[in-house]
Each structure stands twice: as structure tokens, then as C-alpha cells.
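Letter by letter, the chains look like this.
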Amino acid sequence: MVEKEFETQRLPDEFSEQVLQEVEVAHLIIDETADTKPPIVILRLKDKSQQWLPIWIGNPESVSISWGMQDEKPPRPITHDLLLNLLQAANANIQQIIVSDIREQTFIGKMVIDFNGTVKEIDCRPSDAIAIAVRAKHPILVAKKLTDQESLWKPQEELEEFLKRGKPFRDMTRLVEV
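To keep things clear, this report deals only with the structure shown in the data block. (Residues numbered from 1 in each chain as written. Predicted model: local features only at pLDDT ≥ 70, side-chain atom pairs only at ≥ 80, totals over all residues. Heavy atoms only, no water.)

With that out of the way, let us pick up unusual backbone geometry. The backbone phi angle of Asn 91 is positive, close to 55°, even though this residue is not glycine. With respect to the helices and strands, the residue Asn 91 is situated in the loop between α2 (79-89) and β5 (92-103). Phi at Gln 105 is positive, roughly 65°, even though this residue is not glycine. (Helix = DSSP H or I, 4+ residues; strand = E, 2+ residues; numbered from the N terminus.)

Rendered as C-alpha cells:
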């Protein structure tokens, strides 16, 4: 199911503030060790600066995240701009942007949006949710069930090695034409 309407305007307990932790985009790199050289967004827990969560993403989303982080505006709206424009035109408000789960090594995202008093949970890719969050200057949250999985999070020493073998994505954005 793509969306789920909540019975009340109160968010369900599984997404309450006690089970969500705020993260920020710390790095956006290209994995130079992989054949396809995929982009990776690396999130950092705001209250634990030494813990890092790498998420492999697609090229279009990495460009969008990079432009959003640098407040760059393409000559024409890209998909994430369009979505934000549609939400604004519909008087809808983003309440939460959440990296909510991981299934079969794939992260799951959710956007909680208030459509004129009707709150809906929209299934999405975390990369799209992050691209929207950096554009809208909205916090990114991670479900506690993910923050509790230590195997997903990389310590500072491991991150430094990871960054050495990667290439900063901002160097690549100039090659992309819109």
C-alpha cells in the first residue's frame, strides 16, 4: 500500500518522538571501489557525532541532494522541486521525514504529510525523502529500531577509511546537465 491514512491526527506510537532520532547529511560521496561507482549518502546522528549510516542511492537523487545542500537551483524544477511545489499548492505540510526500516538490505522511507487535517503516511525511498528534506530544510529522522542495529552504523575510524576510498560527490555535479 502506498499510503496509509491515520485514524486520528496523532501519529502512531511507532513514530513518536521517543523512537525517532534526528540525523543530518554528513557526506555525499561516490564509491570508487564498486564497478558501477554508486553514490552514497552518509547520515550522522545529531546527538552522536561518531556514528555514521551509509545509504547507497541513485545518481539522480544524489544530484538532487547535492543541489539541495548547496542551495543550488536548476534552471527548471526537477522532480523533488515539483513534489514540494505540489504539496505547497495543495496546502499540505510535511510533518516528518523518516528512514523507517531496512528489508532485504534496502532502506525504507516514509513521509508523514498533513493534507488539510488528514495525516497520511507515504511510502518512499529514503533518497527521495532526503532530497526533499534538504530542499525544504526539514529534519530527517531515523527509527530507533535502525539506530539500535549497531551493524548498520559505522564508527569514526571506519568512516575515515570509507571516505578515503570514495570521491566527494560535489566534484561530479558539474558534469550533470539538467
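The structure having been displayed, the exposition proceeds.
Let us now look at a nonpolar patch on the surface. Residues Leu 82, Leu 83 and Leu 86 make up a contiguous nonpolar surface patch of roughly 260 Å² in combined accessible area. Take Leu 86: it is sitting in helix α2. Overall, Leu 86 belongs to the exposed group, its relative accessible area being 52%. (Patch = residues over 30% accessible without salt bridge, like charges linked within 9 Å, V, L, I, M, F, W, Y side chains within 5 Å. Areas by Shrake-Rupley, 256 points an atom, 1.4 Å probe, with all protein chains shown as cover. Salt bridge = Lys/Arg side-chain N within 4 Å of Asp/Glu carboxyl O. Buried < 20%, exposed > 50% of the residue type's maximum accessible area, 1.4 Å probe, protein only.)

In this structure the tally under the stated criterion is 11 salt bridges. One salt bridge connects Glu 61 with Arg 125, and the closest N-O pair in it is separated by 2.7 Å. Taken as a pair, Glu 61 in helix α1 (residues 59-69) and Arg 125 in the loop between β7 (118-124) and α3 (126-136) lie far apart in primary sequence, 64 residues in all. Since its relative accessible area comes to 7%, Glu 61 is described here as buried. With a relative accessible area of 46%, Arg 125 lands in the partly exposed category. For the salt bridge of Lys 145 with Asp 101, the shortest nitrogen-to-oxygen distance reads 3.5 Å. Taken as a pair, Lys 145 in helix α4 (residues 144-147) and Asp 101 in strand β5 lie far apart in primary sequence, 44 residues in all. Residue classification places Asp 101 among the buried residues on the basis of a relative accessible area of 14%. One salt-bridge network, in which partners are shared between bridges, spans Glu 61, Arg 125 and Asp 128.

The interhelical angle for the contact between α1 and α3, taken along N-to-C directions, is 15°, at an axis separation of 8 Å. Judged by the inter-axis angle, α1 sits roughly parallel to α3. The crossing of α1 and α3 is left-handed. Across the interface between the two elements, Glu 61, Ser 64, Ile 65, Trp 67, Gly 68 and Met 69 from α1 touch Ser 127, Asp 128, Ile 130, Ala 131, Val 134 and Arg 135 from α3. Here the contact of α1 with α3 is built from residues that sort into 6 nonpolar, 3 polar and 3 charged. (Axes fitted to C-alpha atoms, helices over the stretch in contact; angles between N-to-C directions. Parallel < 35°, antiparallel > 145°, perpendicular 65-115°, else oblique. Left-handed = near helix turned anticlockwise from the far one by under 90°. Contact = heavy atoms within 4.5 Å. Nonpolar A, V, L, I, M, F, W, Y, C, P; charged D, E, K, R; others polar.)

Shape descriptors only; they carry no functional weight alone.
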